[in-house]
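# Reading the structure
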Amino acid sequence: MRPDLYSVLPTVHSSLANSITLIDVAAVIATIWALRGAFRVARRTLRTTRLRGPPRTDFVFGLSKQVIESTDNAALYEAWAGKYGVVYEVPTTLGGRKIMLSDPRALTHFFSKEAWSYVLTDETKLVIRRIFGPGIMWAQGEDHKRQRKSLTPAFSQAAIGKFTPIFYDSAHKVKVAWDTMIETSGSDNIVVKVQNWMNHISLDSIGLACFSHDFGSLDGKPAPVAEAFDTVASSSMRSAVDIGLFLLSEVFPFLAYLPTPRIKSLLEMRRTMEDISKKLLARIKKEKEGILDGKEESSIIGMLMKANDSNSDLQSPPGEVLAQMKILLAAGIQNKLRQELLAFGEEPTYKQLQSNLPYLDAVVHEILRVHPPVPDLTRVAVENDIIPVSESVITKSGEVVNSISIAPGTRIGIPISAINKSISIWGSDAKVFQPERWLKEDGIPRKAQDIQAYRHLLSFADGPKICIGKGFALTEFKVVMSVLVRNFVFELRDGHNTRVEHVMGLLPRPKIVGEQGIDVPLRVRRYEG
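Small disclaimer: the values here were computed from a predicted structure and weren't measured. (Residues numbered from 1 in each chain as written. Predicted model: local features only at pLDDT ≥ 70, side-chain atom pairs only at ≥ 80, totals over all residues. Heavy atoms only, no water.)

### Side note on the confidence of the model for the protein chain
- In the predicted model, the protein chain carries a mean pLDDT of 81, and the fraction of residues at 70 or more is 79%.
- Within the model, the stretch residues 1–27 combines pLDDT values under 50 with 10 contacts to residues more than four positions away or in other chains. (pLDDT = per-residue confidence, 0-100. Contact = heavy atoms within 4.5 Å.)

Laid out in structure tokens, this is it:
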């Protein structure tokens, strides 16, 4: 029935837009809010600890609209944690509320149970399944455990070591292209939209490492998937319609089916990825049966297909394999770093990247601390739970507690960016970009060390659902930085006082304040020694 529903939604949407007045909308919302509030009270208010938190400022959206429109929501979350405690609640859409965790002990407990007790919200599951399919991003519980087990060998250290030359090849293609652009510019520098180049490095690297396929986007070949990603990545969720429907989908997940421009762009990206994934899958199957028969298939999807052999207990349905393919398609300091790279001499191997270049490692992890790829996440409880906290929390009634009760249906939020840069956790210099903190014996404060995640950061999440591509991403990141910083000098196009803000698209993206488009143009010149 879903395709039929989807086909009539544009007509319904058009009719509604022409016939419903603001008063009608307000009446409907008020009625739904009242009914939903009564249901919530009956179902879980008596079992979920009521906490202090900022007051509701918007009748419909609570504080959700303020958070999503903010260019620095980490500052909002940190201010609320400072005022209301390490665990607090925030009013959300249509009378809802979300409990925010920023306490190390509570975070450890939450992430240890994420795959089973705390799961994706209905609207998030719907969007992920609709865009990417039933892959590892969508899976929960035993499904997630099985999928992760089948993918783990492809992201092992041994596998990533084999992929490292691919990363170098992509980085050197960019170096050659920029050298040529400088030579033909008639100047000693050029202005580069670095975001697009990095997108193409990732696409070509993923194509070769994951599918043994060269998209050739760095060579100037037309690549539909690159165009699709560039379109989606360069669009922000700034329109009132996009923001309103996104927030209302928390209560009414079916709103994700409305054909807004943003949804249309995401669906076009899905169709492109699916078409390419099917072609690549057919080619890999053909090679596996013929040319590659008896030989080792080292691409990630090739390894995943081994799990589908008849003697395997990790068989993945075709839909899951396609979903994994679509997910893989979607996933003074300069001088100091350059001197370390130049002093090292040769291009570092995979093992040397992990242990022989401490300042490169420090810069990469400081970038991940200050600019996590996902600023926050939301999950919903599916069973009763008790979350412990490391410091006492004052409830809404004034009671002092050392744990909070969670009932099924309760939304839990993790403000990743705020936690990564919290002064109370990382110290007085938490807002400063300072790679040296990773090199000092006492550079990581005790409270930060209490966060039991990779390098005490939540940038890759934690627990059984920690990002499976962490090692892949870190190695590619280090390779690209080592090649480009060794050979070029970078500065902001308009000088160091340029104001940069972050806007939310498919992922957070930087942009120059006051300029259209999502990008930060950099002025690039060769390093002459």
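Now that the structure is up, let's keep going.
### Description of the nonpolar core
- Core analysis: the biggest nonpolar cluster contains 102 residues, and Val-87, Leu-101, Trp-178, Ile-414 and Leu-458 have the highest contact counts within it.
- By residue number, the principal contributor to this core is helix α8 (residues 157–185), which donates 11 residues.
- Not counting residues within four places of it along the chain, the set of residues in contact with Trp-178 comprises Ile-190, Val-192, Trp-197, Met-198, Leu-484, Phe-488, Phe-490 and Val-524. (Core = buried A, V, L, I, M, F, W, Y, C linked by side-chain atoms within 4.5 Å. Buried < 20%, exposed > 50% of the residue type's maximum accessible area, 1.4 Å probe, protein only. Helix = DSSP H or I, 4+ residues; strand = E, 2+ residues; numbered from the N terminus.)

### Considerations on the sheet that holds strand β3 (residues 118–120)
- Pairing within the open sheet is mixed, and its 5 strands lie in the order β1-β2-β8-β5-β3. In the strand order of this sheet, the two ends are held by β1 (87–91) and β3, each with one partner. Taken pair by pair, the neighbouring strands of this sheet meet at an average axis angle of 40°, ignoring direction.
- Bridge analysis of strand β5 (residues 377–381) against strand β8 (residues 411–414) gives 4 bridges, and the strand direction is antiparallel. Among the inter-strand pairings, Thr-378 is bridged to a residue of β8, identified as Gly-413. (Pairing = 2+ DSSP bridges. Axes fitted to C-alpha atoms, helices over the stretch in contact; angles between N-to-C directions.)

### Points about the sheet that holds strand β9 (residues 488–492)
- Taking strand neighbours across the sheet as the criterion, the 3 strands line up as β4-β12-β9 in an open arrangement whose pairing is antiparallel. Lying at the two open borders of the sheet, with one neighbouring strand each, are β4 (189–192) and β9. Here the strands of the sheet are splayed against their neighbours by 30° on average, with no regard to which way each runs.
- With 5 bridges connecting them, β9 and strand β12 (residues 522–526) associate as antiparallel partners. Paired with Val-489 across the strands is Arg-525, a residue of β12.
- Here helix α21 (residues 470–487) sits on the sheet in contact with β9 and β12, set at roughly 90° to β9.

### Details of the pairing of strand β6 (residues 385–394)
- Here β6 pairs with strand β7 (residues 400–406) via 6 bridges, running antiparallel. Following the sheet pairing, Ile-386 is matched in β7 by Ser-405.
- Where β6 hands over to β7, the hairpin turn is made up of 5 residues, of which Gly-398 adopts a positive phi near 95°.

### Section: the pattern of salt bridges
- This model, assessed by the stated rule, comprises 24 salt bridges.
- Across the pair Glu-436 and Lys-336 runs a salt bridge, and its minimum N-O distance is 3.3 Å. Here Lys-336 lies in helix α15 (residues 333–344) and Glu-436 lies in the loop between α19 (423–426) and α20 (446–449), a separation of 100 residues in the sequence.
- Given the relative accessible area of 23%, Glu-436 is considered partly exposed.
- The class for Lys-336 is partly exposed, based on a relative accessible area of 40%.
- Via salt bridges that share partners, Asp-169, Lys-173, Asp-214 and Asp-219 belong to a single interconnected network. (Salt bridge = Lys/Arg side-chain N within 4 Å of Asp/Glu carboxyl O.)

### Quick word on the packing of aromatic side chains
- The tally for this structure, following the rule as stated, stands at 13 aromatic pairs.
- Seen in terms of ring centroids, Trp-178 and Phe-488 are 5.5 Å apart; in terms of plane orientation they differ by 70°. Their pairing is edge-to-face. With respect to class, Trp-178 is no different from Phe-488; both count as buried.
- One aromatic cluster in this structure is built from Phe-155, Phe-163, Phe-167 and Phe-472.
- Arg-369 extends its terminal NZ or CZ atom over the ring of Trp-426, reaching a point 5.4 Å from the ring centre.
- For Lys-470, the ring lying beneath its charged end belongs to Tyr-454, and the centroid distance is 4.4 Å. (Phe/Tyr/Trp six-rings, centres within 6.5 Å; stacked < 30°, edge-to-face > 60°. Lys NZ or Arg CZ within 6 Å of the ring centre and 35° of its normal.)

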